[in-house]
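Observations on chain architecture
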Amino acid sequence: NMADAVNGIVDIVIPPGHASVQVKTTLNNDAVYEGTETFNLNTAIKGSGVWKAAADVVVTDDESSPVVTSLTPSKTDVTEDDDGDLIWTVALNNASASNTTLQLDINNLSHNGDFKTDTNGTF
């Protein structure tokens, strides 16, 4: 049990009369994109300092990398004296185990406004 690990190392006892043991773990099929991951298990007789490494195991994530699935404004028509915030909700197809950086492009379709002048200029 990795909950009992010290510095990432856990002890497994092979009972007398046995020359092998199977070490098994179950993959978590989560909804988070982690990308492709590589795991390698090493083993040694405790205290020997002689480690044996197994071949790498490559786990291919079954979730796709995050993509924007929708971008929805909270209001589509506002009045300047509303003195409120313009809010958009950005939805992704799934979460990621690492930061997902979005790029924002302000496009003034009617070409009659200035984002920096008409707002506080920040998100």
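In short, a report on the structure. As the structure is a prediction and not an experimental result, all values here were calculated from the model. (Residues numbered from 1 in each chain as written. Predicted model: local features only at pLDDT ≥ 70, side-chain atom pairs only at ≥ 80, totals over all residues. Heavy atoms only, no water.)

1. A few points about the overall build of the protein
Note the threshold: Where helices and strands are cited, they refer to DSSP runs of H or I of at least four residues and of E of at least two residues respectively, numbered from the N terminus. This radius of gyration counts C-alpha atoms alone. The globule rule is 2.2 Å times how many residues there are, raised to the power 0.38. Contacts: residue pairs with any heavy atoms within 4.5 Å of one another. Values of accessible area rely on a 1.4 Å probe in the Shrake-Rupley scheme; residue burial ignores everything except the protein chains shown. Only four residue types enter the tally: Lys and Arg on the positive side, Asp and Glu on the negative side; His and the chain ends are excluded. We put the charge of a Lys on NZ, of an Arg on CZ, of an Asp on CG and of a Glu on CD.
When its secondary structure is counted, the protein shows one helix and eight strands. Counted from the first residue to the last, the protein has its helices and strands arranged as β-β-β-β-β-β-β-β-α. The globule rule puts the C-alpha radius of gyration for 123 residues at 14 Å, and the 26 Å found for the protein is more than 25% above it. Each principal axis of the C-alpha atoms in the protein carries an extent, and together these give about 85 × 25 × 20 Å. Counted over contacts in the protein with a minimum sequence separation of 6, partners at least 24 positions apart contribute 43%. For the protein, the exposed surface amounts to about 11100 Å²; the carbon and sulfur share of it is 51%. Within the protein, the 18 negative side-chain charges are centred at a point lying 17 Å from the centre of the 5 positive side-chain charges.

2. Quick word on the environment of Asn-42
In this structure, Asn-42 sits in strand E3 (residues 42-43). The spatial distance from the C-alpha of Asn-42 to the C-alpha of Ser-20 is 15 Å, given a sequence separation of 22 residues. Leaving out residues up to four positions away in the same chain, Asn-42 has contacts with Trp-51, Lys-52 and Ala-53.

3. So, the environment of Ser-65
Selection rule: Per-residue accessibility, obtained with a 1.4 Å probe over protein chains only, is compared with the maximum for each type, and a residue is labelled buried under 20%, exposed over 50%, and partly exposed between these values.
Along the chain, Ser-65 turns up in the loop between strand E5 (57-59) and strand E6 (68-73). Residue Ser-65 is classed as partly exposed on the basis of its relative accessible area, which comes to 37%. Placed 25 residues apart in sequence, Ser-65 and Val-90 show a C-alpha to C-alpha distance of 15 Å. Beyond its immediate sequence surroundings of up to four residues, Ser-65 is in contact with Tyr-33 and Asn-93.

4. Things to note about the pattern of salt bridges
Put simply, the rule reads: One speaks of a salt bridge when a side-chain nitrogen belonging to Lys or Arg is within 4 Å of a carboxyl oxygen belonging to Asp or Glu.
In the structure shown here, the tally under the stated rule is one salt bridge. Close ionic contact of Lys-46 with Asp-11 constitutes a salt bridge, the shortest N to O distance being 2.7 Å. Taken as a pair, Lys-46 in the loop between E3 and strand E4 (52-53) and Asp-11 in the segment before strand E1 (32-33) lie far apart in primary sequence, 35 residues in all. Residue Lys-46 is classed as exposed on the basis of its relative accessible area of 68%.

5. Examining a nonpolar patch on the surface
Applicable threshold: Patch criteria: residues need more than 30% relative accessible area and no salt bridge. Like-charged residues are merged within 9 Å; nonpolar side chains of Val, Leu, Ile, Met, Phe, Trp and Tyr are merged within 5 Å.
A surface patch of nonpolar side chains, amounting to about 780 Å² of accessible area, comprises Val-68, Leu-71, Val-78, Leu-86, Trp-88, Val-90, Leu-92, Leu-102 and Leu-104. It is strand E7 (residues 88-92) that provides the largest number of residues to the nonpolar patch, a total of three residues.

6. Side note on the side chain of Asn-94
How we decide: Here a polar contact means two N or O atoms within 3.5 Å. Within protein one must be a hydrogen donor candidate and the other an acceptor candidate, and residues neighboring in sequence count only if both atoms are side-chain atoms.
Relative to the assigned elements, Asn-94 resides in the loop between E7 and strand E8 (95-96). Here Ser-64 takes part through its backbone oxygen, which lies 3.2 Å from a polar atom of the side chain of Asn-94. Leaving out residues up to four positions away in the same chain, Asn-94 has contacts with Ala-31, Tyr-33, Glu-63, Ser-64 and Pro-66.

7. Description of the side chain of Asp-61
With respect to the element layout, Asp-61 can be found in the loop between E5 and E6. Within the local environment of Asp-61, its side chain forms a polar contact with the backbone nitrogen of Glu-34, the two atoms lying 2.4 Å apart. A polar side-chain atom of Asp-61 sits 3.3 Å from the main-chain amide nitrogen of Gly-35. Beyond its immediate chain neighbours, meaning those up to four positions away, Asp-61 contacts Val-32, Tyr-33, Glu-34 and Gly-35.

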